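If you want the building blocks of each chain, they are given just below.
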Amino acid sequence: HGPLTIIIGIILGILGGLILSITKILDQQWKRTSMALGISLVLMLVAKNLHYSGSGAMAAIVMGASSSAFWKKGYPAIVAKGAENKFVHETKNCVSLMWNILFQPLLFGVIGTELDFSLGFHSSLPKCFLVILIGICTRVPAAFLATSQTVLTPKERLFIALAWMPKATVQAALC
């Protein structure tokens, strides 16, 4: 089931990238962005209905990479306006903006509604704190060391190490 999930994801992703490469029709930023988001959603739903749900995420990633390559090369020439590197940047910036403003808060809100504290959460509270503590004790020194070969001062490196800390605590809290 595993290798087939990957193969299906790659095939669906390339097909999605080919659809996005029709820049003679998708000639405006909003059209490309809307289609990228729409095709990603369709790929996720199709993969889930085929009982290969992992293929949907793989397809969305491959679609982004393949459409980027197609836009840069102007491929396929029959349906593409030509090689356009700006399509990649415009679509990336628009999707990034939508992620930051709409989708990321929505995702965290939906995840928050799935937490049910009445299911014995209190008994696992010490374990949760332990996981968070281990994550922090590992992540902060690792981030500090990761910035050791830069021109940053030790204060700036410590700031980065502490600023990166919440990334681990969110995942640990959801465990």
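Predicted model, so just to flag it, every value in this text is computed and none were measured.

When the terminal C-alpha atoms of helix 3 (residues 53-73) are compared, their 31 Å separation across 21 residues agrees well with the 30 Å that a helix rising 1.5 Å per residue should span. Residues S55, G56, A59, V62, M63, S66, S67, S68, F70 and W71 constitute the buried set of helix 3. In the segment just after helix 3, G74 is the residue with positive phi, at about 70°.

Attention shifts here to a nonpolar patch on the surface. Together, L97, W99, I101, L102, F103, L106, L107, F108 and V110 make up an exposed nonpolar region whose accessible area comes to about 850 Å². Tracing the sequence through the fold places F103 in helix 4 (residues 86-114). Note on F103: relative accessible area 30%, which makes it partly exposed.

Take the pattern of salt bridges next. Taken as a whole and judged by the stated rule, the model has two salt bridges. Residue D27 pairs with K31 through a salt bridge whose shortest N-O separation is 3.1 Å. Residue classification places K31 among the partly exposed positions, given a relative accessible area of 24%. The salt bridge involving E90 is made with R32; its shortest N-O contact spans 2.5 Å. In this pair, E90 sits in helix 4 while R32 sits in helix 2 (residues 29-49), placing the two residues 58 residues apart along the sequence.

Rules used in this analysis
Residues numbered from 1 in each chain as written. Predicted model: local features only at pLDDT ≥ 70, side-chain atom pairs only at ≥ 80, totals over all residues. Heavy atoms only, no water. Helix = DSSP H or I, 4+ residues; strand = E, 2+ residues; numbered from the N terminus. Expected span 1.5 Å × (residues − 1). Buried < 20%, exposed > 50% of the residue type's maximum accessible area, 1.4 Å probe, protein only. Patch = residues over 30% accessible without salt bridge, like charges linked within 9 Å, V, L, I, M, F, W, Y side chains within 5 Å. Areas by Shrake-Rupley, 256 points an atom, 1.4 Å probe, with all protein chains shown as cover. Salt bridge = Lys/Arg side-chain N within 4 Å of Asp/Glu carboxyl O.

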